[in-house]
Amino acid sequence: MEGDEGRRRRRRRRREICANSVVVFFFFHLHAAAASRDSFDYGEALTKSLLYFEAQRSGHLPHDQRVTWRGHSGLTDGLEQGVDLVGGYYDAGDHVKFGLPMAFTVTMLSWSVVEYGDAIASAGELKHALEAIKWGTDYFIKAHARPNLLWAEVGDGDTDHCCWQRPEDMTTSRKAYKIDRENPGSEVAAETAAAMAAASIVFRESNPHYSHLLLHHAQQLFEFGDEYRGKYDVSIPAARSYYASVSGYGDELLWAAAWLHRATGREEYRRYVVDNAYALGGTGWAVNEFSWDIKFAGVQILVAADSKLLMEGQRLQDRQKSILEQYKARAQDYVCSCLNMSSNSNNVGRTPGGLLFVREWNNMQYVASAAFLLTVYSDYLAMAGNELHCAAGSLGPSQILSFVKAQVDYMLGSNPLGLSYLVGFGSKYPKRVHHRAASTISHKVDKSFIGCVQGYDKWFVRRRGNPYVLIGALVGGPNAKDQFKDTRDSYMQTEACTYNTAPMVGVFAKLHQLERHQSLT
Ligand SMILES: *[C@@H]1O[C@H](CO)[C@@H](O)[C@H](O)[C@H]1NC(C)=O
């Protein structure tokens, strides 16, 4: 992802680079009331969403790689530090491997399979979903080289973002950054623990040995993150301009413990989630945003929906029961605010076209993560035979799902522009995605080296659409007025990130299953 201060600096540099080029802007024009009532093929969306993760692969690509315009890249990652860090994912349109968002991506892919694995399997996509997770967890196993050491970034945004280059040509720094006891980083240690714990559930049946291995890493990483507490972006300043942690590490520690409880059912993790609820903000924060940074809503819904926790609830002391109830109340607050049914001004905003709107920059990530949490919450309500009670009224699970479907339909083209924000879906979608690899001729077609600045001059500023369709990428999406500018330099709108698409894997699977069984009211 492009980052804040570093980005402002880079934009200046980039303008210098592009000073002699004519940049033509393409706007999609709003047609009045173009929102169609089409029904979408969620199965197709699911299939496409999983292809996207293959386009984001770093490292040595396998023979069955389906995104064939990509090649091997980052093959010396870690070499400078004497460690093998080949593999993993590029987070967005650049080539830095940022540990925190990569881990969050894998947690959300895994949560998708934990909840909707059957639906994904019946759509014939389980193999691809497992491969997408394993591409991340194989890398985390390498990166977690010692119990109290995790490599948490390869490459740096400042040099990378001065370059518009194919990953296969990379000439930028591939320096690796680590956290350890002296330089702690609880957010990234705990998020990686959450990812590996969630993935251990995914692989429990198909690959028990691998599942055990992941759980072992997850437990060690959680202990490391908890025992040696510190903000990761202090220990790794290179991450600060791009993925600074605003919420601190309290949410990640609770999140990791909740996932470890889900994976093991062990009392110590339940106790951690309950006993640290106040100290780490689990029951105090009602935040309307669920993202790679801020996970309180995710923790609250995970706790609310964890049947093991609820069953054990019978045997708990009143104080502990009350804390679990507070988690559930905050989960409910989050869902109510997404549905515009909170009492206060705590409701999530919406565009005139009805899309949830949190902020201009990559707003679609919040829509995707909300769609996922609401889907999980709706299933939990249905299972418990409950309703959602908000200040503005009560709703049943199917009404929550209808809202999710409306958000997803907006995403797929039922919006004022009639444009799908899932790239490669339908006939109209962004053609100038801010993505180095997709916007530059494949090295398989043209092997001649393309330098940093040369890439800007020749490919970035080009008016024409990208030579390759980044199928399954979910871009940042429209602004607060449902407008969208399809240009490569409009990175707030045209850049896609792995954590945008990851939660949609579960949501698409659920909607696909529903379409096949019944029609939503
Ligand atoms: C949200 O709720 C407020 C207060 O009830 C209402 O005025 C507003 O129109 C609602 N917004 C949407 C998008 O439904």
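See the structure printed just above.
In this text the structure is predicted, and so the values were computed from the model without any measurement.

(A) Structural detail: the pairing of strand β2 (residues 150–154). Counting buried residues along β2, 5 of its 5 residues qualify, which places the element largely inside the surrounding structure. Across 2 bridges, strand β1 (residues 97–98) lies against β2 in antiparallel orientation. Note that in β2 the partner of K97 across the bridge is V154. Pairing of β2 with strand β3 (residues 176–179) involves 4 bridges; the strand directions are antiparallel.

(B) Inspection of the environment of Y468 at higher detail. You can see Y468 is positioned in the loop between α17 (452–460) and α18 (491–494). Residues contacting Y468, with those up to four places away along its chain left out, are W69, A437, A438, T440, I441, S442 and V445. Among the polar contacts made by the side chain of Y468, one reaches the main-chain amide nitrogen of S442 at a distance of 2.9 Å.

(C) Structural context of the sheet that holds β2. Strand order across the open sheet formed by 3 strands is β1-β2-β3, with antiparallel pairing between neighbours. Whereas interior strands pair on both sides, the edge strands pair on one side only; in this sheet they are β1 and β3. With respect to the sheet, helix α6 (residues 186–202) is in contact with β2 and β3, its orientation differing from that of β2 by roughly 105°.

(D) Spatial organisation of the side chain of T375. Among the structural elements, T375 can be located in helix α15 (residues 364–384). Residue T375 is classed as buried on the basis of its relative accessible area of 1%. At 2.6 Å, the side chain of T375 and the backbone oxygen of A371 are in polar contact. Here T375 is in contact with Y116, L401, V404, V507 and K510, once residues within four sequence places are set aside.

(E) Seen up close, the packing of α15 against helix α16 (residues 397–412). Contact pair α15 / α16: the axes reach a minimum separation of 9 Å and the direction vectors enclose 155°. One way to sum up the angle between α15 and α16 is to call them roughly antiparallel. With respect to the hand of their crossing, α15 and α16 are arranged in left-handed fashion. Packed against α15, whose contacting residues are M364, V367, A368, A371, L374, T375, Y377, S378, L381 and A382, the element α16 presents P397, I400, L401, F403, V404, Q407 and M411 at the interface. In terms of residue class, the contact of α15 with α16 is made up of 14 nonpolar, 3 polar and no charged.

So, how was this worked out
- Residues numbered from 1 in each chain as written.
- Predicted model: local features only at pLDDT ≥ 70, side-chain atom pairs only at ≥ 80, totals over all residues.
- Heavy atoms only, no water.
- Buried < 20%, exposed > 50% of the residue type's maximum accessible area, 1.4 Å probe, protein only.
- Helix = DSSP H or I, 4+ residues; strand = E, 2+ residues; numbered from the N terminus.
- Pairing = 2+ DSSP bridges.
- Contact = heavy atoms within 4.5 Å.
- Polar contact = N/O pair within 3.5 Å; in protein donor to acceptor, adjacent residues only side chain to side chain.
- Axes fitted to C-alpha atoms, helices over the stretch in contact; angles between N-to-C directions.
- Parallel < 35°, antiparallel > 145°, perpendicular 65-115°, else oblique.
- Left-handed = near helix turned anticlockwise from the far one by under 90°.
- Nonpolar A, V, L, I, M, F, W, Y, C, P; charged D, E, K, R; others polar.

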